[in-house]
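So the chains spell out like this:
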Amino acid sequence: MAMRILLIEDEPKIASFVCQGLRAAGMVVDHIDNGMDGLTSVLQAQHDLVVLDIMLPGMDGFELLRQVRSVGIATPLIVLSAKTDLPDRLLGFDLGANDYLAKPFFIEELIARIRSLLGRNASHNEEIFSVAGITLNRLTRKADWQDQSAVLSQREFMLLDYLMRSPGYIFSRKQILQHVWNFNFDPQTNVVDVCVQRIKRKLASEKSSKAVFPIESIRGVGYRINQEGMS
Ligand code: CA
């Protein structure tokens, strides 16, 4: 079934570029060009995912997002914004955005992130897949890296699998907590960090100590899989 996407964007050129790109990728796209109508539409919860601009006439994207989440609408939402400073991005995540893509952007990346959020990546169906030198078996939860091999616990597996689905993309602790632990609040503990450490300990032995394990900690934000260090 085609994914139904709601695009809220006031810039006609960007809107038509995004609509065309997403439709070419087989998605159904509805477009709205202002904040108030956008809010009304998101509250009807008839779309699989929302792509939201921040600088909008009527009501800005942050306020729209705040209102949507405050009434419990959990539709996955990607912020698309020229406001690329870290505080803006953190505010977006804080208000409940699932992803934040800076303008200008490549349509291919937007499509990839939409598919990733909706769990429709082709690779999701593969039992065994490799990213950044880590090989993960989804049936047995066995992970391999360098010369090490380990069977991961369910949480360790879910966390690693989650990061590996979008290599290079930074996931906030909050996103990881939501996905792996189903927490919709911050329990003010370091469970995410402890879990990452356990994965590292299982896979990064002395033998492989020269290589840097590809889970990278991004200070103050979260974690990502770093592909760049790989040969
Ligand atoms: Ca705008």
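Nothing here was measured: the structure is a model prediction, and the numbers come from that model.

Focus: the coordination of the calcium ion
Then, in step 1: Every protein donor of the calcium ion is listed here as Asp10 (OD), Asp53 (OD) and Met55 (O), and their distances to the metal cover 2.1 to 2.3 Å.
Then, in step 2: In primary-sequence terms, the residues that donate to the calcium ion follow D-x42-D-x1-M.
Then, in step 3: What makes methionine 55 exposed here is its relative accessible area of 56%.

Focus on a negative patch on the surface
Then, in step 1: A surface patch of like charges, here negative, comprises Asp10, Glu11, Asp33 and Asp37.
Then, in step 2: Given a relative accessible area of 31%, aspartate 10 falls into the partly exposed group.

Description of the packing of helix α1 (residues 12-24) against helix α5 (residues 107-117)
Then, in step 1: Where α1 contacts α5, the two axes come as close as 10 Å, and the packing angle between them is 55°. Here α1 is positioned oblique relative to α5, judged by the angle of their axes. The two elements α1 and α5 cross, and the hand of that crossing is right-handed. On α5, the residues that touch Phe17, Val18, Gly21 and Leu22 of α1 are Ile107, Leu110, Ile111 and Ile114.
Then, in step 2: When its residues are assigned to classes, the contact of α1 with α5 shows seven nonpolar, one polar and no charged.

Details of the sheet that holds strand β10 (residues 171-172)
Then, in step 1: Strand order across the open sheet formed by three strands is β10-β12-β11, with antiparallel pairing between neighbours. Lying at the two open borders of the sheet, with one neighbouring strand each, are β10 and β11 (215-218).
Then, in step 2: Taken together, the four bridges between β11 and strand β12 (residues 222-225) define a ladder with antiparallel strand orientation. Bridging from a neighbouring strand, isoleucine 215 pairs with isoleucine 225 of β12.
Then, in step 3: Relative to the sheet, helix α6 (residues 154-165) contacts β10, β11 and β12, its axis offset from that of β12 by approximately 65°.

Focus: the domain arrangement of the protein
Then, in step 1: Partitioning the protein into structural domains gives domain 1 (4-118) and domain 2 (126-225).
Then, in step 2: Placing the centre of domain 1 and that of domain 2 at their C-alpha centroids yields a distance of 28 Å.
Then, in step 3: Listed as interface residues are nine residues of domain 1 and, on the opposing side, six residues of domain 2.
Then, in step 4: Regarding the contact of domain 1 and domain 2, the summed buried area is about 590 Å², with carbon and sulfur atoms giving 46% of it.
Then, in step 5: Sorting the residues of domain 1 by area buried against domain 2 places Phe93, Asn98 and Ser116 first, and these three jointly supply 52% of that buried surface.
Then, in step 6: Linking domain 1 with domain 2 are zero salt bridges, by the criterion used here.
Then, in step 7: Across the contact surface, domain 1 and domain 2 share four residue pairs in polar contact (both at pLDDT 80 or more).
Then, in step 8: Within the residue set of the side of domain 1 that touches domain 2, elements represented by two or more residues are α4 (86-94), β5 (99-102) and α5.
Then, in step 9: With four residues, α4 is the single largest residue contributor to the side of domain 1 that touches domain 2.
Then, in step 10: For the side of domain 1 that touches domain 2, a count of residues per class yields four nonpolar, two polar and three charged.

As for the sheet that holds strand β8 (residues 142-145)
Then, in step 1: Taken in spatial order, the four strands line up as β6-β7-β8-β9 in an open sheet, and their pairing is antiparallel. Every other strand in the sheet has two partners, leaving β6 (128-131) and β9 (148-151) as the edge strands with one partner each. Sheet twist, expressed as the average angle between the axes of neighbouring strands with direction ignored, equals 15°.
Then, in step 2: Looking at chain direction, β8 and β9 are connected through four bridges and run antiparallel.

Some details on the nonpolar core
In a soluble, globular protein the nonpolar side chains are often hidden away together inside.
Then, in step 1: Ranked by size, the top nonpolar core spans 51 residues in total, and within it Leu159, Leu160, Ile176, Ile215 and Ile225 carry the most contacts.
Then, in step 2: A total of six residues in this core trace back to one element, the largest contributor, which is α6.
Then, in step 3: Those residues in contact with leucine 159 that sit more than four places away from it in its chain are Ile176, Val180, Trp181, Val192, Cys195, Val196 and Ile199.
Then, in step 4: By size, the runner-up hydrophobic cluster in this structure holds 20 residues, among which are Ile5, Cys19, Leu22 and Leu80.

How each quantity is defined
Positions within a chain are numbered from 1, following the residues in the order the chain's sequence is written. Thresholds applied to this predicted model are a pLDDT of at least 70 for local features of residues and 80 or more for the giving and counting of side-chain atom pairs; totals over whole chains, interfaces and linings are not thresholded and use all residues. Side-chain measures were taken over the full set of non-hydrogen atoms in the model, leaving aside hydrogen atoms and water. Here the term donor refers to an N, O or S atom within 2.8 Å of the metal (or 3.2 Å for Na, K and Ca), and because water is left out of the atoms, sites may appear incomplete. The buried label goes to any residue with under 20% of its type's maximum accessible area, the exposed label to any with over 50%, and the partly exposed label to all in between, with areas taken from a 1.4 Å probe on protein chains only. Each patch is built from residues lacking any salt bridge and having more than 30% relative accessible area; the joining distance is 9 Å for like charges and 5 Å for nonpolar side chains (Val, Leu, Ile, Met, Phe, Trp, Tyr). Surface exposure here means Shrake-Rupley accessible area, sampled with a 1.4 Å probe, where a residue is shielded only by the protein chains that are shown. Criterion for a salt bridge: a side-chain nitrogen of Lys or Arg within 4 Å of a carboxyl oxygen of Asp or Glu. This count recognises Lys and Arg as positive and Asp and Glu as negative, with His and chain-terminal groups excluded. The atom standing in for a charge is NZ when the residue is Lys, CZ when it is Arg, CG when it is Asp and CD when it is Glu. Note on method: axes are straight lines fitted to C-alpha atoms, helices fitted across the in-contact stretch only, with angles between N-to-C directions ranging 0 to 180 degrees. By definition, any uninterrupted DSSP run of H or I lasting at least four residues is a helix, any uninterrupted run of E lasting at least two residues is a strand, and each is numbered from the N terminus. Just so you know how the angles are binned, under 35 degrees is roughly parallel, over 145 roughly antiparallel, 65 to 115 roughly perpendicular, and the rest oblique. Note: crossing handedness is left-handed where the near helix turns anticlockwise from the far helix by less than a right angle, and right-handed where it turns clockwise. Throughout, a residue-residue contact means that at least one pair of heavy atoms, one from each residue, lies within 4.5 Å. Residue type decides the class: Asp, Glu, Lys and Arg count as charged, Ala, Val, Leu, Ile, Met, Phe, Trp, Tyr, Cys and Pro as nonpolar, and the leftover types, Gly among them, as polar. DSSP bridges decide pairing: two strands pair if at least two such bridges lie between them. Where a domain begins and ends is set by an automatic assignment or by a domain database. As used here, buried area is the combined drop in accessible area, with a 1.4 Å probe, of two parts when they are placed together. Between N or O atoms, a polar contact is any pair within 3.5 Å; within protein, one atom must be a potential hydrogen donor and the other a potential acceptor, and residues adjacent in sequence are included only when both atoms are from side chains. In this description, a nonpolar core means a group of buried Ala, Val, Leu, Ile, Met, Phe, Trp, Tyr and Cys residues linked to one another through side-chain atoms lying within 4.5 Å.

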